[in-house]
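# Tertiary structure, described
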Amino acid sequence: MPKDIDWGSLGFGYVATDKRFVANFKDGKWDEGTLTEDATVTMSECAGVLQYAQTCFEGLKAYRTEDGKVVCFRPDLNASRMKDSCEKLKMPVFPEDKFVDAVVEVVKANLDWVPPYGSGATLYLRPYEFGINPVIGVKPADDYQFRIFCTPVGPYFKGGAKPIVIRVSDLDRAAPHGTGNIKAGLNYAMSLYNIVDAHEAGYSENMYLDPQTRTKVEETGGANFIFITKDGTLVTPKSDSILPSITRRSLCIVAEKYLGMKVEHREVLLSELDSFAECGLCGTAAVISPVGKIVDHGREICFPSGMDEMGPWTKKLYDTLTGIQMGRIEAPEGWIKVIAE
Ligand SMILES: *Cc1c(COP(=O)(O)O)cnc(C)c1O
């Protein structure tokens, strides 16, 4: 039974739940891992993660479906993306099958924290790994900890999904051939200055361009872009320094297989933005946030979908993907991991 919480007014903040998963990598191998009630981490003052930011993370959600099941959405893709992140950061990979098992264990151990169907709230899971032994010379740590905690999060949109205004950023998120395509904490550390600055200037997000030519659209600090053309084609920007969003990849399949839309994954030029009919940001947290306006210094790009509600194609994509996640619409094979019936 879900706990007696006002799920609808819950925000997106950390709330400690009953149990979390911890595994340690020591002497060249992973231990079995275990659930613990201890929500704290104790480590050396010189731990690798504290000195050289050797850490990466993932994010996914558990939902209560219409027919009362508790499920996760495509956790195998989080496992494989974390493998890519770990390899690039010279961290040992927590085995992908054990990653998925640990996700299931954590949700099962915190079932009462999975919000009720229809509340709009979800249980957010945060897998992460970091170097834990003392490191002072610049090199990878020897010992690592892998953890998954979960925390209930409120509905992303309270009172409807209002389109947001974003700006074209003068600062860069990820260098070409850098770490933009992995989920490294360091990518977020260097985006904080710019997001605070954007908020102070009245914008919800920064649109990052490719740093090399500053002519192509990449993504925001934590979400990929989707664009819809006037004839209903879904266009998503392609670049080696974009983080491969699981939401975006799923939306492309939903567009093609469920909605019969054409889908293009290609370079998107800053100069062509005003030819699109709709724009949105996609990621696990919101699924899709509609973008109403992009401000590029003196130039304003106002999408025909306006500032009051999601555009019609965006809404169809949003309703179909959330319908799949909540069990209202049949999912493609392998997308839904059932945790409790
Ligand atoms: C996590 C993340 C996303 C969204 O990915 P999802 O798998 O859809 O949650 C997009 N961009 C960046 C930079 C991210 O870190």
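Please refer to the structure placed before this passage.
Cut-offs and rules
Residues numbered from 1 in each chain as written. Predicted model: local features only at pLDDT ≥ 70, side-chain atom pairs only at ≥ 80, totals over all residues. Heavy atoms only, no water. Helix = DSSP H or I, 4+ residues; strand = E, 2+ residues; numbered from the N terminus. Rg over C-alpha atoms; globule rule 2.2 N^0.38 Å. Buried < 20%, exposed > 50% of the residue type's maximum accessible area, 1.4 Å probe, protein only. Contact = heavy atoms within 4.5 Å. Areas by Shrake-Rupley, 256 points an atom, 1.4 Å probe, with all protein chains shown as cover. Near = heavy atom within 4 Å. Polar contact = N/O pair within 3.5 Å; in protein donor to acceptor, adjacent residues only side chain to side chain. Nonpolar A, V, L, I, M, F, W, Y, C, P; charged D, E, K, R; others polar. Salt bridge = Lys/Arg side-chain N within 4 Å of Asp/Glu carboxyl O. Axes fitted to C-alpha atoms, helices over the stretch in contact; angles between N-to-C directions. Parallel < 35°, antiparallel > 145°, perpendicular 65-115°, else oblique. Left-handed = near helix turned anticlockwise from the far one by under 90°. Patch = residues over 30% accessible without salt bridge, like charges linked within 9 Å, V, L, I, M, F, W, Y side chains within 5 Å. Core = buried A, V, L, I, M, F, W, Y, C linked by side-chain atoms within 4.5 Å.

Regarding its fold elements, the chain presents seven helices and 17 strands. Scaling as 2.2 N^0.38, a compact globule of 341 residues should have a C-alpha radius of gyration of about 20 Å, and the chain matches this with 20 Å. Counting only C-alpha atoms and orienting by the principal axes, one finds that the chain spans roughly 55 × 50 × 35 Å. Looking at the 341 residues of the chain, the share that counts as buried comes to 50%. Sequence-distant contacts, at least 24 apart, represent 72% of the contacts inside the chain between residues at least 6 apart. Approximately 15300 Å² of the chain is accessible, and the part contributed by carbon and sulfur atoms is 52%.

Near the ligand you find 15 residues, and of these Lys183, Tyr188, Ser245, Thr247 and Thr284 are the closest. Here an oxygen atom of the ligand sits 2.7 Å away from a polar atom, N or O, in the side chain of lysine 183. In this structure, an oxygen atom belonging to the ligand sits 2.9 Å away from a main-chain N or O atom of isoleucine 246. Tallied by class, residues from the shell around the ligand come to four nonpolar, seven polar and four charged.

What follows is about the pattern of salt bridges. Under the defined criterion, the tally for this structure stands at 15 salt bridges. Between aspartate 296 and arginine 299 there is a salt bridge, with the nearest N and O atoms lying 3.6 Å from each other. On the accessibility criterion, arginine 299 (27% relative accessible area) is partly exposed. A single salt-bridge network, built from bridges that share partners, covers Lys262, Glu264, Arg266 and Glu272.

The subject of this paragraph is the packing of helix H2 (residues 75-88) against helix H3 (residues 96-109). To describe two helices that pack against each other, one gives the angle between their axes and the distance between the axes. Following both chains from N to C, one finds H2 and H3 inclined at 130°, their axes separated by 9 Å at the closest point. Looking at the two axes, H2 sits oblique to H3. When you trace H2 past H3, the crossing you get is right-handed. Residues Pro75, Asp76, Asn78, Ala79, Ser80, Met82 and Lys83 of H2 form the contact with H3, whose participating residues are Glu96, Phe99 and Val100. In terms of residue class, the contact of H2 with H3 is built from five nonpolar, two polar and three charged.

A cluster of nonpolar side chains, Val41, Met43 and Leu50, forms an exposed patch at the surface whose accessible area comes to about 220 Å². The class of valine 41 is partly exposed, set by a relative accessible area of 32%.

Turning to the nonpolar core, a few remarks are in order. Counting residues in each nonpolar core, the largest one holds 36 residues, and the members touching the most others are Phe21, Cys72, Phe99, Val107, Leu125, Phe146 and Ile148. Taken together, the elements giving at least two residues each to this core come down to strand S1 (20-26), strand S5 (60-64), strand S6 (70-73), H2, H3, strand S7 (122-131), strand S8 (144-153) and strand S17 (336-340). Take this core: its biggest share by element is seven residues, from H3. Residues within four places of phenylalanine 21 in sequence aside, it is in contact with Glu32, Gly33, Thr34, Leu35, Phe94, Ala102, Glu105, Val106, Phe146, Arg147 and Ile148. The next biggest cluster of nonpolar side chains, apart from the first, holds 21 residues, and it includes Cys252, Leu317, Ile324 and Met326.

That is the geometry; function is a separate question.
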